[in-house]
Amino acid sequence: MTALFEPYTLRELTIPNRVWMPPMCQYSAAPEGPETGVPTDWHFAHYAARATGGTGLIIVEATAVSAQGRISPYDLGIWNDAQVEAFRRITRFLTAQGTVPAIQLAHAGRKASTDRPWKGGAPVGPDAHGWDSVAPSPLAFDDRHPAPAELTVDQIEDVVEQFAAAARRALAAGFEVAEIHGAHGYLINEFLSPHSNHRTDAYGGSYENRTRFALEVVDAVREVWPDDKPLFFRVSATDWLEDGGWTADDTVRFAADLRAHGIDLLDVSTGGNASGVRIPTGPGYQVPFAARVKNETALPVAAVGLITDVEQAEKILANGEADAVLLGRELLRNPSWARHAARELGGEVRVPDQYHRSV
Ligand SMILES: Cc1cc2nc3c(=O)[nH]c(=O)nc-3n(C[C@H](O)[C@H](O)[C@H](O)COP(=O)(O)O)c2cc1C
């Protein structure tokens, strides 16, 4: 038995293996009109290929809970019924392949309204389908970004509601797992970190106040997300700042709070909330943050970040550093990574009948 191909049960859901795909924006939806935020043929082909490749669970890219919460005008959204209908085609196919369909629910906060990365990723205005961004405090992310408007308490409550409505729609669209995007400097992360949250009301200042919005979102989503289905949270475990940022110690404390509020697994990433920081990347560079949460709290974790090699991935699980591994760019290169890994390790993975001659 290999660790990578051992099924994993969370609540009432059994995931066939531990090779998972993290959310990766495709910036491929229409930027305006009735098709705004609606998954396209590109999304179907992209997710279908990773499913036929044996991936155990696929987290569909950051999907905005409102038009204002998109990272770019080309992001997926889940605030209307046309979007739900189009997602159904994807979840149906993934489910038929034995892959668990998951979705990341997101609000981009002060990093919203940017161009597609391959077009430079700069903030865009109304002449390029852009809009004004919002955040806990009116602090621009960097020199390129305009300052966001500070959210009022009423508007904060609206966003909490939008996350709950998005979760309801994700369920109707056939997703088995929802992941709340609390990482990479987007809205929830902006509230968590003292670097981006300078509020003086109940949503800023102390650890309790800075985590309030995140936990309100978790509570609202958990309320509508069925008890038998798992709920994930993606965190940036550190801002990578020397001072004045969110730290790995904060993450450990927060993980325990998330567990108490009904989160079933922490997807442990880092960074994205402070510009100009040096991040010491290298193979598996974020794994120690996941391992710390796993060892110091009772919350299951998934590790992500430059996990590319079969032996490396197997070891992370065998050493007890994580409960699952997420392979991002490696799955873009090789959609059938799970099948290759199963072959190498002697693990079992579902192969589509149509491909039986390739086993
Ligand atoms: C094209 C691309 C799009 C991404 N979009 C998202 C996203 O929608 N949500 C998110 O949390 N992370 C996103 N990420 C980060 C990945 O989920 C992952 O954490 C990161 O790529 C590191 O893993 P890797 O080294 O295996 O690629 C994206 C990464 C890439 C390469």
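Quick note: structure is the one above.
Throughout what follows, the structure given in this document is the object of discussion.

Basis of the calculations
Each chain has its residues counted from 1, following the order in which its sequence is written. For this predicted model, a pLDDT threshold of at least 70 governs which residues receive local features, and a threshold of 80 or more governs which side-chain atom pairs are given and counted, while totals over whole chains, interfaces and linings are taken from all residues. Think of the side-chain values as coming from all heavy atoms in the structure, minus any hydrogens and water. Buried means the residue's accessible area, taken with a 1.4 Å probe over protein chains only, is under 20% of the maximum for its type, while exposed means over 50%, and partly exposed covers the values in between. Strands are runs of DSSP state E lasting at least 2 residues, helices are runs of H or I lasting at least 4, and numbering of each runs from the N terminus. Here, a strand pair is defined by DSSP locating no fewer than two bridges between the strands. Take the buried residues of types Ala, Val, Leu, Ile, Met, Phe, Trp, Tyr and Cys, join any two whose side-chain atoms come within 4.5 Å, and each joined set is a nonpolar core. Note on contacts: a residue pair qualifies if any of its non-hydrogen atoms lie within 4.5 Å across the two residues. The cutoff for a nearby residue is simple: one of its non-hydrogen atoms must lie within 4 Å of the molecule or strand. For this analysis, a polar contact is any N or O atom pair within 3.5 Å, provided that within protein one partner can donate a hydrogen and the other can accept it, and provided that sequence-adjacent residues contribute only side-chain to side-chain pairs. Salt bridges are identified by distance alone: a Lys or Arg side-chain nitrogen within 4 Å of an Asp or Glu carboxyl oxygen. Each Phe, Tyr or Trp ring (for Trp, its six-membered ring) is paired with any other whose centre lies within 6.5 Å, and the angle between the two planes then decides the class: stacked below 30 degrees, edge-to-face above 60, tilted in between. By this rule, a helix spans an expected 1.5 Å times one less than how many residues it contains. Along the arc lie the directions from the helix axis toward the C-beta atoms.

### Some words on the pairing of strand 4 (residues 57–64)
Here strand 4 lies mainly inside the structure; 8 of its 8 residues are buried. Bridge count for strand 3 (residues 19–21) against strand 4 is 2 bridges, and the pairing is parallel. Each bridged residue has a counterpart across the sheet, and for Met21 the counterpart in strand 4 is Ile58. One ladder, built from 6 bridges, connects strand 4 with strand 6 (residues 100–106); its direction is parallel. Bridging from a neighbouring strand, Ala64 pairs with Ala106 of strand 6. Of the strand pairs in this sheet, strand 4 and strand 5 (residues 76–77) are connected by 2 bridges, and their pairing is parallel. Pairing of Thr63 across the sheet is with Leu76, part of strand 5.

### What about the nonpolar core?
One finds Phe213, Phe233, Phe254 and Leu266 to be the most contacted residues of the largest nonpolar core, which totals 82 residues. In contact with Phe213, other than residues within four places in its own chain, are Ile156, Val159, Val160, Leu187, Ile188, Phe191 and Tyr203. Ile15, Leu57, Val177 and Phe232 belong to the second largest nonpolar core, which has 16 residues in total.

### Some thoughts on the site of the ligand
Inspection of the region around the ligand gives 15 residues, with Pro23, Gln104, Leu306, Gly328 and Arg329 positioned closest. At 2.8 Å from an oxygen atom of the ligand is found a main-chain nitrogen or oxygen belonging to Pro23.

### Here's the deal with the pairing of strand 9 (residues 177–182)
For strand 9, a buried count of 6 out of 6 residues is recorded, marking the element as mostly surrounded by other parts of the structure. Covered by surrounding structure in strand 9 are Val177, Glu179 and His181 together with Ala178, Ile180 and Gly182, the residues of both alternating faces. Pairing geometry for strand 6 and strand 9, over 4 bridges, is parallel. Paired with Leu105 across the two strands is Ile180, which belongs to strand 9.

### Comments concerning the pattern of salt bridges
One side chain can pair with another of opposite charge once the charged atoms of both are near each other. By the definition in use, this model includes 14 salt bridges. Note that Asp249 and Arg292 form a salt bridge whose closest N and O atoms lie 2.9 Å from each other. Pair noted here: Asp249 is in helix 7 (residues 248–260) and Arg292 is in helix 8 (residues 287–296), with a separation of 43 residues, a long-range link. On the basis of relative accessibility, which here comes to 29%, the residue Arg292 falls in the partly exposed class. Several salt bridges converge on common partners, so that one network encompasses Arg11, Arg222 and Asp264.

### Quick notes on the packing of aromatic side chains
Summed over all chains, the structure comprises 11 aromatic pairs. Geometrically, the ring pair formed by Phe191 and Tyr203 is edge-to-face, given 6.3 Å between the ring centres and 75° between the ring planes. Here Tyr203 lies in the loop between helix 4 (187–192) and helix 5 (207–210) and Phe191 lies in helix 4, a separation of 12 residues in the sequence. Take Phe191: its relative accessible area is 0%, and that puts it in the buried class. When the ring of Phe191 is compared with that of Phe213, the centres are 4.5 Å apart and the planes differ by 35°; the resulting orientation is tilted.

### Overview of helix 3 (residues 153–172)
Given a rise of 1.5 Å per residue, 20 residues ought to cover 28 Å, and the 29 Å separating the end C-alpha atoms of helix 3 matches this to within 8%. Within the sequence span of helix 3, burial applies to Ile156, Val159, Val160, Phe163, Ala164, Ala166, Ala167 and Ala170. Buried residues in helix 3, looked at end-on, bunch into an arc of 155°, giving them a common side. Along its buried surface, helix 3 packs onto strand 6, strand 9, helix 4 and helix 6 (212–224).

### With respect to the environment of Leu105
Within the element layout of this structure, Leu105 appears in strand 6. Its relative accessible area of 0% is what places Leu105 among the buried residues. Expressed as a C-alpha distance, the spacing of Leu105 and Gly182, which sit 77 residues apart in the sequence, is 9.3 Å. Setting aside residues up to four positions removed in sequence, Leu105 forms contacts with Thr63, Val65, Ile78, Phe163, Ala166, Ala167, Ala178, Glu179, Ile180 and His181.

Note that every value here comes from positions in space, so none of it alone points to a role or purpose.
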